[in-house]
Number of protein chains: 2
Amino acid sequence: MVTAYAPASIANVSCGFDVLGLAVDAPGDEVSVQFNDIGKVRIVEITGDEGKLPFEVEANTASKAVLSLVNHLNYERGIDIIIHKKMPFGSGLGSSAASAVAAVVAANHLIGMPLTKKELLDFAIDGEAVASGARHADNVAPCLLGGVVLIRSYSPIDIIELPVPDSLYTTVVHPHVEILTKVARDIMPKEVSMKTAITQIGNLGGFIAGLYQNDLALLGRSMVDVLAEPYRSSLIPEFQSVRNAAMYAGALSFGISGSGPSMFAFSDNSSKAEQIGELMEKCLTTKGIDCKVFISKINQKGASVMW
Amino acid sequence: MVTAYAPASIANVSCGFDVLGLAVDAPGDEVSVQFNDIGKVRIVEITGDEGKLPFEVEANTASKAVLSLVNHLNYERGIDIIIHKKMPFGSGLGSSAASAVAAVVAANHLIGMPLTKKELLDFAIDGEAVASGARHADNVAPCLLGGVVLIRSYSPIDIIELPVPDSLYTTVVHPHVEILTKVARDIMPKEVSMKTAITQIGNLGGFIAGLYQNDLALLGRSMVDVLAEPYRSSLIPEFQSVRNAAMYAGALSFGISGSGPSMFAFSDNSSKAEQIGELMEKCLTTKGIDCKVFISKINQKGASVMW
């Protein structure tokens, strides 16, 4: 049996709507795989999902990803899958991507590593698409590869791994409220003004230059989201207060993780990252909103086999 | 008397509409300045403009830029300006920006270098705005500073100087037809689809990563313009044929310079740059369109005092 871990990821990263994502250390999903004798991909156990995840192979992100992989390889032995769901659903932290990624990483290892990690991307995207309804890579790619990833293009897929400033910390807060991805998508306009597009383009450019130049101030001031945040922030409880708290505690930047409700802040040292977490949590709990805080550097390892 | 040279510039650079610009070696404008005794900024001579440029100080990009500079400094001595217009008008090569930049660089030198080059940016923008009707920096900034420049933000102005791959050549062709900047602006839609914005954002990201990684292939495939080119290319004669010729001759990329009609191609060596120029020129001249080709590396020096 092979077990792989795949970490949570922050898609969009404020200025990179649909084109940027980065990995954090925790939370994350674990998926185990082993050969079976029925010659088919099968889910045999799911833990931690409160009965929410389907066992149908085509409908579950993890098994769909494995299916896509073995079909591509014309691999004939059957594979049993055990999913240890450790990530919250609908959190904006790439939960479905993590299951898909952990599953293909484990399966690829089980069958003798025919593909490189980067070559697994397409199959993980196939898996994640079952949950999101579309082929997205902004969670899958950083979850798989680690670090900060630019998805330059989807057709053909073109993934650029960006440098990661060593002193950067992320503080993520996950308020325990549910935002359906469909609602978060539908609230956004289909058209934007040219001016808005240009503002976002300038900021994305500043963000990438900031990463290469290790210029955290440039990074911070570039992390402005004029595409999604003006709309999606209305779905997130206490958004403005949590932002104010994070910035007061010394954050370099603050934004929505993926489609929310999780929010994240960047900072330049661990004690600030802790303080930011405490203040963000306080903001929410004093309003009666339960939440959980996760602090880490940017995860540069991505998904990996545990044992 | 002090004379300064300011080079032509390619704004937009395909994927960076309104946020990217780069300088080339030629053509360029020369502006001379010397003290006068009337205590005012004055234009005393203009050559090479065929009588097209105004002598009114507030209406000419060069004198307006100098005026803005001396007003800021509360400088009291008068300055005479001589403009040697060597760049074509309405070419899409930043002609009005070059006059403004050359003028402030010369004036700053004349009065004892109170400001750094970068500090001159605002005044050059003030000057260029006389011609374009708006404060733009995508010609002014690269013309002044050289290299490839990202304008991350306009308020406040935030200029990021990007690295320049050493092996990169530019071939510019200027067809001798006139496109009014106003027409080139008006032909563009005020709104774009979210999908279009995201495509442009991904490409701008890839372009900047390509510069830092010295990855010319990434640079080339990122230089796709889905914002302006689909509209503006219709204003440029033989656009598609010239593109095909450039790509056939080995160009890494091809696009419109600024708002056109000039077009430019990137390539990775001087003989390709020459061949591209020959084929582009042939495309136009066989259709009876007169044109001129300029070949250079990216100019990293920007504007400078000649003597």
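Refer to the preceding data block for the structure.
So, a few notes on the structure that sits alongside this text.

What counts as what
Residues numbered from 1 in each chain as written. Chains lettered and ligands numbered in written order. Predicted model: local features only at pLDDT ≥ 70, side-chain atom pairs only at ≥ 80, totals over all residues. Helix = DSSP H or I, 4+ residues; strand = E, 2+ residues; numbered from the N terminus. Rg over C-alpha atoms; globule rule 2.2 N^0.38 Å. Buried ≥ 20, exposed ≤ 12 C-beta atoms within 10 Å, placed from the backbone. Pairing = 2+ DSSP bridges. Axes fitted to C-alpha atoms, helices over the stretch in contact; angles between N-to-C directions. Contact = placed C-beta atoms within 7 Å. Least-squares fit on C-alpha atoms with pLDDT ≥ 70 in both. Nonpolar A, V, L, I, M, F, W, Y, C, P; charged D, E, K, R; others polar.

## Section: the overall build of chain A
Then, number 1: Counting secondary structure elements, chain A contains ten helices and twelve strands.
Then, number 2: A compact globule built from 307 residues should have a C-alpha radius of gyration of about 19 Å, and chain A, at 19 Å, falls within 12% of that.
Then, number 3: Along the longest, intermediate and shortest principal axes, the C-alpha atoms of chain A span 60 × 40 × 35 Å.
Then, number 4: Taking all 307 residues of chain A together, 55% fall into the buried category.

## Section: the sheet that holds strand 11 (residues 291-297) of chain B
Each strand in a sheet pairs with its neighbour through backbone hydrogen bonds, running either in the same direction (parallel) or in the opposite one (antiparallel).
All names here are of chain B.
Then, number 1: A sheet is described by the order of its strands in space; here four strands give the open sequence 9-10-7-11, paired in antiparallel fashion. The open sheet is flanked by strand 9 (253-256) and strand 11, the only strands paired with a single partner. Neighbour to neighbour, the strand axes of the sheet diverge by 20° on average, direction disregarded.
Then, number 2: Bridge count for strand 7 (residues 169-175) against strand 10 (residues 263-267) is five bridges, and the pairing is antiparallel. In the sheet register, V173 faces strand 10, and the bridge partner there is M263.
Then, number 3: With respect to the sheet, helix 9 (residues 239-248) is in contact with strand 7, strand 9 and strand 10, its orientation differing from that of strand 9 by roughly 155°.
Then, number 4: Taken strand by strand, helix 10 (residues 270-285) contacts strand 7, strand 10 and strand 11, and its axis lies near 15° from that of strand 7.

## Structural notes on the relation of the copies chain B and chain A
Then, number 1: If you rotate chain B by 180° and push it 0.0 Å along the axis, it lands on chain A with an RMSD of 0.0 Å. Read as a symmetry element, the transformation amounts to a two-fold axis.
Then, number 2: An overlap of 100% is found between the interface residues of chain B and their copies at the interface of chain A, pointing to a shared contact surface.

## Brief notes about the interface of chain B and chain A
Then, number 1: Contact with chain B, which involves 30 residues of that partner, is made by 30 residues of chain A.
Then, number 2: Those elements giving two or more residues to the side of chain B that touches chain A turn out to be strand 5 (148-154), strand 6 (157-162), strand 8 (191-193) and helix 6 (194-213) of chain B.
Then, number 3: If you tally residues by element for the side of chain B that touches chain A, the top one is helix 6 of chain B, at 13 residues.
Then, number 4: When the residues that make up the side of chain B that touches chain A are grouped by side-chain class, the tally is 17 nonpolar, eight polar and five charged.
Then, number 5: In this sheet, strand 8 of chain B lies alongside strand 8 (residues 191-193) of chain A in antiparallel orientation, the contact comprising three bridges. Across the sheet, residue V192(A) finds its bridge partner in strand 8 of chain B, namely V192(B).

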